[in-house]
Amino acid sequence: MRLPALLFAAGTALFQAPTPPPPPTRPVGSMSDLMVRMIYPTSDAVFYITTRTPASDAEWGDLQAKTLTLAESANLLMMPGRARDQGRWMDDAKLMLEAGTAAYRAARAKDLDALVELNDALYKSCVTCHQHYRPNYGRGRP
């Protein structure tokens, strides 16, 4: 009696319609839009934390939104259609993701010291990527 029920259940599982793949994603804004409109302002919130320290719950909430946007922007850098390659680009974006995630956690904990400590990691993630992918970065203007 149990064997037919087990066979029926196994057969039903095998013949269920496959789950359709997720819809393809495509960038909406340009890389410049992403940098100027999302990454620069949200990274500045961390870089200038000692001169723009949140003083109220609302300001801490605003900082949490900015640091979350910063972390999620790293994911946007890694999406198909935007990632320049699967090697160095992804490694550089992961540095930003790690720094942004840590910043978001620090902002949620209202940990000013942790945010100050994250400045170097965030700066390194920006500079590393720019050195690899922005022509003439750091060479100054003639």
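I will try to describe carefully the structure that is included in this document.

Here's the deal with the overall build of the protein chain
Per the secondary structure count, the protein chain includes five helices and zero strands. Each helix (α) and strand (β) of the protein chain, taken in turn from the N terminus, gives the series α-α-α-α-α. Per-residue burial over the protein chain gives 29% buried out of 142 residues. A separation threshold of at least 6 residues defines the contact pool for the protein chain, and within that pool the share at least 24 residues apart is 68%. A total accessible area of about 9,900 Å² is found for the protein chain, and carbon and sulfur atoms account for 58% of it.

Some points on helix α5 (residues 112-133)
Every α-helix carries 3.6 residues per turn, so stepping three or four residues along brings you back to the same face. Here α5 is 22 residues long and its end C-alpha atoms lie 32 Å apart, about the 32 Å a rise of 1.5 Å per residue gives. The axis of α5 is deflected most strongly, by about 35°, at Leu118. Regarding α5, the residues found buried are Leu115, Leu118, Asn119, Leu122, Ser125, Cys126, Val127, Thr128, Cys129, His130 and Tyr133. Sitting at the amino-terminal end of α5 is Asp111, which places a side-chain oxygen 3.3 Å from the backbone nitrogen of Asp113.

Considering helix α4 (residues 88-108)
Over its 21 residues, α4 extends 30 Å from the first C-alpha to the last, a length consistent with the 30 Å expected when each residue adds 1.5 Å. Looking at the buried residues of α4, the elements they touch are α2 (31-47), α3 (57-77) and α5. Note on α4: the residue one or two positions beyond its end, Lys110, has a positive phi of about 55°.

Comments concerning the packing of α2 against α3
Following both chains from N to C, one finds α2 and α3 inclined at 140°, their axes separated by 8 Å at the closest point. Taken together, the axis directions place α2 and α3 in an arrangement best described as oblique. For α2 against α3, the interelement crossing comes out left-handed. Facing Met31, Leu34, Met38, Ile39, Thr42, Ser43, Ala45 and Val46 of α2, the residues of α3 in contact are Leu63, Lys66, Thr67, Thr69, Leu70, Ser73, Leu76 and Leu77. Class assignment for the residues of the contact of α2 with α3 results in 10 nonpolar, five polar and one charged.

Considerations on the side chain of Ser125
When you line up the elements, Ser125 lands in helix α5. Judged by relative accessible area, Ser125 falls into the buried class, the value being 3%. There is a polar contact of 2.7 Å between the side chain of Ser125 and the backbone oxygen of Leu122. Ignoring anything within four residues of it in the chain, the contact list for Ser125 reads Leu95 and Met96.

Brief notes about the state of the cysteines
This model, assessed by the stated rule, comprises zero disulfides. Looking at the unpaired Cys126, the closest cysteine sulfur is the one in Cys129, lying at 8.4 Å. Overall, the relative accessible area of 17% leaves Cys126 in the buried class.

Cut-offs applied
- Per chain, the residues get numbers from 1 upward, laid out in the order the sequence is written.
- In keeping with the predicted nature of the model, local features appear solely for residues at pLDDT of at least 70, side-chain atom pairs appear and are counted solely at 80 or more, and the whole-chain, interface and lining totals rest on all residues.
- The side-chain figures draw on all heavy atoms in the structure; neither hydrogens nor water molecules are used.
- Note on conventions: DSSP H or I runs of at least 4 residues are helices, E runs of at least 2 residues are strands, and numbering of each starts at the N terminus.
- With a 1.4 Å probe rolled over the protein chains alone, any residue whose accessible area is under 20% of its type maximum counts as buried; one over 50% counts as exposed, and the rest are partly exposed.
- By the convention used here, residues are in contact when the closest approach between their heavy atoms is within 4.5 Å.
- For accessible areas, the Shrake-Rupley method is used with a probe of radius 1.4 Å. Any residue's cover is judged against the shown protein chains and nothing else.
- The span one expects for a helix is its residue count, reduced by one, times 1.5 Å.
- What is called the bend at a residue is the angle between a pair of axes, fitted to the seven residues leading up to and ending at it and to the seven starting from it.
- Throughout this description, a polar contact denotes any pair of N or O atoms lying within 3.5 Å of each other; where both atoms belong to protein, one of them has to be capable of donating a hydrogen while the other can accept it, and for residues adjacent in sequence the pair is counted only when both atoms sit in side chains.
- Helix axes use the C-alpha atoms of the stretch in contact, all axes being lines fitted to C-alpha atoms, and the angles between their N-to-C directions lie in the range 0 to 180 degrees.
- We call two directions roughly parallel when the angle between them is under 35 degrees, roughly antiparallel when it is over 145, roughly perpendicular when it lies between 65 and 115, and oblique otherwise.
- Each helix crossing is assigned a hand: it is left-handed if the near helix lies turned anticlockwise from the far helix by less than a right angle, otherwise right-handed if that turn is clockwise.
- Under the scheme applied here, ten amino acids are nonpolar (Ala, Val, Leu, Ile, Met, Phe, Trp, Tyr, Cys and Pro), four are charged (Asp, Glu, Lys and Arg), and all others, including Gly, are polar.
- Working definition: a disulfide is two cysteine sulfur atoms within 2.5 Å of each other.

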